[in-house]
Amino acid sequence: MQYDVVIVGGGPAGLAAAIRLKQLSAGRSVCVLEKGSEIGAHILSGAVMDPRAISELIPDWKEKGAPLHTPVSGDRFLFLSKESSFSTPSWMLPGCFQNHGNYVISLGNFTRWLGKQAEELGVEIFPGFAAAEVLYEGAAVKGVATGDLGINRKGEKTGAYQPGMELHGKYTFFAEGCRGHLGRQLEERFDLRKTPQVYGIGLKELWEVKPERHQPGLVTHTAGWPLDPDVYGGSFIYHMEDRLVAVGFVVGLGYENPYLSPFEEFQRFKTHPEIRKTFEGGKRVCYGARAISAGGLQSLPKLVFPGGTLIGDEAGFLNASRIKGSHCAIKSAMLAAEAAHEALQAGRGSDELAAYPEAFRASWLYDELHRARNFKPWMSKGLYTGSLMVGIDQVLLRGKAPWTLRHELPDHAKTRPASEFSPMTYPKPDGVLTFDRLSSVFVSNTNHNEDQPVHLTLKDPSIPVKVNLAQYAGPESRYCPAAVYEFVEKNLVINAQNCVHCKTCDIKDPKQNIVWVAPEGGGGPNYSNM
């Protein structure tokens, strides 16, 4: 199938690019591939949305019924100790934690709405089709191929076999989200990455709370307990409409202690006296997890290569200081779409869209990310030093410091041997406020066909036991938020059907031995209101 532009990924970036292309030329042929069962099925975010980018893309979004229903009504930032909390005075809050004019939303529902806007413009959207391979013609990308269906666990064709299809484009946009498996291949093939990306894992639950606990539009962030001061991370609690409250926990994946479990830290966080009172008497209705690209401006790769480009969180367009990425994704997609439109109008194709990175450097998005560029490097130096230096950087210097801090090592290289630490003991879940992994995966509505090739592949099957278990006490069983990995009698068992597609294993495995590849389309989580 031949298109002007093929877009891999039906999230905010991919759909925004498709919409912008059709706005610029109604006759342009554009398709979007989405590995989830439907648009929005795999979308997970806090989320508080800055409407700046969507207002540029679709100025009449309110009239079109965009699901931005809950304006932010207040901001709180708490520093937690084990038993108490300290609320930061509003006058001390850096601008990055001030959300006046923003909206508390379900990014999944917003993405579903965005998909409808794209279809109304004539964009062809194919949910349930996972792009499994990049196609090349000479030195240029010419499109992608979807994965074959009906292949059993042994790699044999079954009676349900359907071959994948090739989708060719004059340009191909990659918008897979954080740590896209095709994006990772492209970075290596075209030598796009000069500095390492750094990541966080975000875990989220959606709760229906008691009416007296609900404050629509209230935005709360916390730092401190239960994490040690030298571990980057914190929480968010966002009050949505209909008595729904989103609670989440982010842990930077550069942590050193292999005994640390981000999932268990999240569960423990909810037991804090100041936090638990929001959720007691309520009901958890959904759970999910997703890695985020947190390196900022200095960790962006080269954005373009012959025949294609990286957009959204595939490239790392996220403002970690504001804990926001959707507006960055939309804006980056619009800039790429406008560059592709100009090239196609000029009769070009398969070249590098140099106008895209040039437009980015001249945009408000570059200015925003430049002001925030030192946030993550400073906070990676510890809670106390980081908070002080971020205050100086963001409040006193307003993001205009004459220096730029760099990320020196990738996250997996920061993991230290288990012999340097003591095992960590976490409380048992009570099934009311705190939960185990398997019951959490259940409410994520995750499903995979079990008789398909395992999509969590090992470069060397001996490394999990000989290296990871021996030197790092088997961290796979702790950094995975979905009980995919377990050691049984010193053998690694991979429960791939539990995978929520967070990509944490692909990022944090100490020897980079685990490679996440796309399973059959339509598998994975089916998030509701997330």
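Residues numbered from 1 in each chain as written. Predicted model: local features only at pLDDT ≥ 70, side-chain atom pairs only at ≥ 80, totals over all residues. Heavy atoms only, no water.

Turning our eyes to something else, we now look at the overall build of the protein. A count of helical and extended segments in the protein gives 15 helices and 24 strands. For 530 residues, the compact-globule estimate of 2.2 N^0.38 gives 24 Å, and the C-alpha radius of gyration of the protein, at 22 Å, lies within 12% of that figure. Every one of the 530 residues in the protein was classed for burial, and the buried ones make up 60%. Put simply, the protein shows about 20800 Å² of open surface, and 51% of that area lies on carbon and sulfur atoms. Charge separation in the protein, taken as the distance between the mean sites of 56 positive and 57 negative side-chain charges, equals 4 Å. (Helix = DSSP H or I, 4+ residues; strand = E, 2+ residues; numbered from the N terminus. Rg over C-alpha atoms; globule rule 2.2 N^0.38 Å. Buried < 20%, exposed > 50% of the residue type's maximum accessible area, 1.4 Å probe, protein only. Areas by Shrake-Rupley, 256 points an atom, 1.4 Å probe, with all protein chains shown as cover. Lys, Arg positive; Asp, Glu negative; His and termini not counted. Charge placed at Lys NZ, Arg CZ, Asp CG, Glu CD.)

We now examine the pairing of strand E12 (residues 157-162). Where a strand is regular, its side chains alternate between the two sheet faces. For E12, a buried count of zero out of six residues is recorded, marking the element as mostly open to its surroundings. In this sheet, E12 lies alongside strand E11 (residues 149-151) in antiparallel orientation, the contact comprising two bridges. Bridge pairing links Leu149 to Gln162 in E12. The turn joining E11 and E12, which pair antiparallel and follow one another in sequence, is formed by five residues; a positive phi near 85° is taken by Gly155. (Pairing = 2+ DSSP bridges.)

Another aspect to go through is the sheet that holds strand E7 (residues 103-104). Here we have three strands laid out as an open sheet, ordered E3-E7-E4, and antiparallel in their pairing. At either margin of the open sheet sits one strand with a lone partner, and together these are strand E3 (48-49) and strand E4 (70-71).

Space inside the largest pocket adds up to approximately 910 Å³. Phe77, Phe79, Phe97, Met379 and Ser387 are the residues nearest the centre of the largest pocket, which is lined by 44 residues in total. Looking at the lining of the largest pocket, the elements with two or more residues in it are strand E5 (74-80), strand E15 (218-224), strand E16 (233-239), helix H10 (375-379) and helix H11 (383-396). A class-by-class count of the residues in the lining of the largest pocket yields 31 nonpolar, 12 polar and one charged. Taken together, 25 residues form the lining of the second largest pocket, with Asp230, Gly254, Glu256, Ser380 and Lys414 sitting closest to its centre. Each residue belonging to the lining of the second largest pocket can be placed in one class, and the counts come to 11 nonpolar, five polar and nine charged. (1 Å grid on protein atoms, 1.4 Å probe; cavity = no way out; pocket = protein on both sides within 12 Å on 5 of 7 lines; lining within 4 Å. Points joined across faces, edges and corners; volume = space filled by probe spheres on them. Nonpolar A, V, L, I, M, F, W, Y, C, P; charged D, E, K, R; others polar.)

The contact between helix H7 (residues 326-345) and helix H9 (residues 364-371) brings their axes to 10 Å, and the two run at 140°. By the angle between their axes, H7 is oblique relative to H9. In terms of crossing hand, the pair formed by H7 and H9 is left-handed. Contact with H7, carried on its side by His327, Cys328, Lys331 and Ser332, involves Trp364, Leu365, Glu368 and Leu369 of H9 and no other residues of that element. When grouped by side-chain class, the residues that make up the contact of H7 with H9 number four nonpolar, two polar and two charged. (Axes fitted to C-alpha atoms, helices over the stretch in contact; angles between N-to-C directions. Parallel < 35°, antiparallel > 145°, perpendicular 65-115°, else oblique. Left-handed = near helix turned anticlockwise from the far one by under 90°. Contact = heavy atoms within 4.5 Å.)

None of the figures reported here should be taken as evidence of function without further support.
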